[in-house]
Amino acid sequence: MSDVKLKAKTCSFPAHKVILSARSPVFKAMFSSDMRESTCDIVHIDLNDQTVRRMLRFMYTADVDDLGWSSASELYAAADKYEVLTLKEKCSSYLKANLRPSNACSALVLADLHQDAGLKRLVQDFILKHSLEVMNSDEWKHMMETDLKLAAETMYLKFKE
C-alpha cells in the first residue's frame, strides 16, 4: 500500500508520502511542490541503507533503538538534513550522554557541520575539561590538520577564561 520508495545506496524502502510529509518538512516540500519527487514514485536518498531504515522506523513509530556512536552520528546528520527535529534531538541526547575523550573531536566536527550551537558548546566544554587527554590524541592532531579553524576556536575558549 506504499506510494513511494526511498532508494538508498543499495536498497529501496517502501513508504507513504503522507507519513514522510507529516514528519519532515523537507519531504513535505518535495511531495507538494513542482519538484520531480512530487510525481515520481522513487526518491533517491544519499544515505546508507541502515540509516534510512532507522530514520523510517522513527518516522513511523517514534522509536529508535540499538544506537551506537557511529549510527547515532549518521542518523543525527540524516535527521538534520530532512528536518526530523525530534529524531535529531534523540540522537543529540545520545551523543551527549556518550561523549568520551576518544570521540569528542568527531562530535565537535559534527556539531559544527550541522550548525548545532548547543551541542558544539557542550562538546567544546567537554574538550576543555579533558584537554590533556583530548589535545594529546591522534584525533585532535587530525582535526588540527583538517579543521584548523575549529581547533583554534576551541583552544581560544581555554585561554579566554
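Nothing here was measured: the structure is a model prediction, and the numbers come from that model.

Undergrad: Honestly, the sheet that holds strand S1 (residues 4–7) in this entry has me stumped. Any pointers?
TA: One key point about sheets: their strands pair by backbone hydrogen bonds, in either a parallel or an antiparallel sense. One open sheet holds the three strands; their spatial order is S2-S1-S3, and the pairing between them is mixed. The open sheet has two edge strands, strand S2 (12–15) and strand S3 (42–44), and neither has a second partner. With direction set aside, neighbouring strand axes in the sheet form an average angle of 25 degrees. Across three bridges, the pairing between S1 and S3 is parallel. Bridge assignment links lysine 5 to a residue of S3, and that residue is isoleucine 42.

Undergrad: Honestly, helix H10 (residues 148–160) in this entry has me stumped. Any pointers?
TA: With 13 residues, H10 should reach 18 Å at 1.5 Å per residue; the first-to-last C-alpha distance of 18 Å fits that figure. Among the structural elements, helix H6 (104–113), helix H7 (117–129) and helix H9 (138–146) are those in contact with the buried residues of H10.

Undergrad: Would you mind showing me how to read the nonpolar core here?
TA: The tendency in soluble globular proteins is for nonpolar side chains to be buried side by side. In this structure, Leu20, Phe27, Met55 and Leu87 are the most contacted members of the largest nonpolar core, which totals 49 residues. Setting aside anything within four residues of it in sequence, one finds leucine 87 in contact with Met55, Phe58, Val64, Leu75 and Ala79.

Undergrad: Quick question: what am I supposed to make of the environment of cysteine 105 here?
TA: Among the structural elements, cysteine 105 can be located in helix H6. Sequence separation between cysteine 105 and lysine 120 is 15 residues, and the spatial gap between their C-alpha atoms is 10 Å. If near-sequence neighbours (up to four positions away) are discounted, cysteine 105 is found in contact with Val134, Glu139, Trp140 and Met143.

Cut-offs and rules
Residues numbered from 1 in each chain as written. Predicted model: local features only at pLDDT ≥ 70, side-chain atom pairs only at ≥ 80, totals over all residues. Heavy atoms only, no water. Pairing = 2+ DSSP bridges. Helix = DSSP H or I, 4+ residues; strand = E, 2+ residues; numbered from the N terminus. Axes fitted to C-alpha atoms, helices over the stretch in contact; angles between N-to-C directions. Expected span 1.5 Å × (residues − 1). Contact = heavy atoms within 4.5 Å. Core = buried A, V, L, I, M, F, W, Y, C linked by side-chain atoms within 4.5 Å. Buried < 20%, exposed > 50% of the residue type's maximum accessible area, 1.4 Å probe, protein only.

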